[in-house]
Amino acid sequence: MRAPATIGRLTADLSAGPEGWIDYKNNVIVQLPFGEFETITKDQILAGQNIIAVKSKSGTYEIIQFQDAVEIATNQWQLSNLLRAQSGTDDAMEKGASSGAEVVLINGNVTNLALSSSELDAELYWQVTGLGKSNADIDVITFTGGARANTPFSPVHLRAIRQADGIMLTWKRRSRFNADSWSGADVPIDEDELRYRLDIMNGFNIIRTIEISVHQYLYSVADELSDFMQTQAQITFSVTQIGGQIASGISRCATKLL
């Protein structure tokens, strides 16, 4: 029999933090109705322990790991030494979270719904009741899920280098599944085919969109002059992996000096 899930709420805002290294600046301050958190070692956090989901301002949950947990008041916990934007939730991390946002400890007490492909992103009705309750206590709720778990991660390491014939734009893909090997080989491709949408930006406006199947693109001088009327000292571009089940992955935008 599983114990109840550990669910609480933030009692202070959570700002955006660094991605890819430990966030020593921000803390997660959470109030629990019951339950507790525990401190672990750095090796344990790097091995994937102490995971929480925090509902961001966008409504998407940021997956965070924490190393240290201190009870600073009755049932109020300060979680620190954070690994932010885990499991491809960089978009949620960038939005931050407000006081009152839901926090869930991800452990064996949280059940995977195991949605089928036909149930993906479909509005479903669920019957919910407490352990030992009668049928009269059953609540019916609607829930739509599964899309995020199949959405391609955002690419990383966006770079732009000025060449004689144009600007070479490059990036690195990420994989959601089977991507934790330390063998040194390239991570597997999650989708049946590899496709990206590349957007060239002028401020917040998209002025050119290209769909390609490789992780680089030469933005020619002729196209640059056509788009901007002159060569640029910097370039802003966004890259999105196109998925099979979920067409648009998580985008990543960067501005690079040339």
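The preceding data block contains the structure.
Just so it is clear, the structure is predicted and the values come from calculations on it, not from any experiment. (Residues numbered from 1 in each chain as written. Predicted model: local features only at pLDDT ≥ 70, side-chain atom pairs only at ≥ 80, totals over all residues. Heavy atoms only, no water.)

1. Re the overall build of the protein
Quick reminder of the rule: Strands are runs of DSSP state E lasting at least two residues, helices are runs of H or I lasting at least four, and both sets are numbered from the N terminus onward. Any residue under 20% of the maximum accessible area for its type is buried, any over 50% is exposed, and the rest in between are partly exposed; the area is computed with a 1.4 Å probe on protein chains only. The contact definition used throughout considers only heavy atoms, calling two residues in contact when any of these lie within 4.5 Å. Residue exposure ignores everything except the shown protein chains as possible cover, and the areas themselves are Shrake-Rupley values with a 1.4 Å probe.
Per the secondary structure count, the protein includes 3 helices and 16 strands. Seen through its C-alpha atoms, the protein measures out along the principal axes to roughly 70 × 40 × 40 Å. A buried classification covers 36% of the 258 residues belonging to the protein. Partitioning the intrachain contacts of the protein with sequence separation of at least 6 by distance along the chain shows that 59% fall at a separation of at least 24. Carbon and sulfur atoms form 50% of the exposed surface of the protein, whose accessible area is close to 14900 Å².

2. Examining helix 3 (residues 221-228)
Worth spelling out the cut-off: To obtain the arc, one takes the directions from the helix axis to the C-beta atoms.
Within the sequence span of helix 3, burial applies to Glu224, Asp227 and Phe228. Looking straight down helix 3, one finds that the buried residues subtend no more than 75° of arc, so they occupy a single side. The exposed set on the far side of helix 3, more than 90 degrees from its buried face, consists of Ala222 and Ser226. Once helix 3 finishes, Met229 follows within two positions and takes phi at roughly 75°, a positive value.

3. Focus: the sheet that holds strand 14 (residues 216-220)
Rules: In this description, strands pair whenever DSSP reports at least two bridges between them. Note on geometry: axes are C-alpha line fits, over the in-contact stretch for helices, and angles between N-to-C directions span 0 to 180 degrees.
Pairing is antiparallel across the open sheet formed by 3 strands, whose spatial order is 10-11-14. The sheet is open, and its two borders are formed by strand 10 (156-163) and strand 14, each paired with just one other strand. When the angles between neighbouring strand axes are averaged without regard to direction, this sheet yields 15°. With 5 bridges connecting them, strand 11 (residues 166-172) and strand 14 associate as antiparallel partners. Residue pairing across strands places Met168 opposite Leu218, the latter belonging to strand 14.

4. Points about the pattern of salt bridges
Stated precisely, the cut-off is as follows: Salt bridges are defined as contacts in which a side-chain nitrogen from Lys or Arg sits within 4 Å of a carboxyl oxygen from Asp or Glu.
For the coordinates displayed, the defined rule picks out 12 salt bridges. Measuring nitrogen to oxygen at the nearest pair gives 3.0 Å for the salt bridge that ties Glu19 to Arg252. Residue Glu19 is located in the loop between strand 1 (7-10) and strand 2 (22-23), and its partner Arg252 is located in strand 16 (residues 252-257); the two are separated by 233 residues in the primary sequence. Under the relative-accessibility criterion, Glu19 is labelled partly exposed at 24%. For Glu224, the salt bridge is made with Arg162, and the minimal N-O distance between the two is 2.7 Å. In this pair, Glu224 sits in helix 3 while Arg162 sits in strand 10, placing the two residues 62 residues apart along the sequence. Judged by relative accessible area, which is 0%, Glu224 ranks as buried.

5. A look at the sheet that holds strand 13 (residues 205-212)
Taken in spatial order, the 4 strands of this open sheet run 13-12-15-16, and their pairing is antiparallel. A single partner strand is all that each edge strand has here, and the edge strands are strand 13 and strand 16. Strand-to-strand twist of the sheet, defined as the mean angle between neighbouring strand axes without regard to direction, takes the value 25°. Bridge analysis of strand 12 (residues 196-202) against strand 13 gives 7 bridges, and the strand direction is antiparallel. Note on strand 13: the bridge partner recorded for Arg197 is Glu211. Strand contacts of helix 3: strand 12 and strand 13, with the helix running at about 150° to strand 13, the strand carrying the most contacts.

6. Considering the side chain of Gln67
As for its placement among the helices and strands, Gln67 is situated in strand 5 (residues 61-73). Using a relative accessible area of 13% as the deciding quantity, one classes Gln67 as buried.

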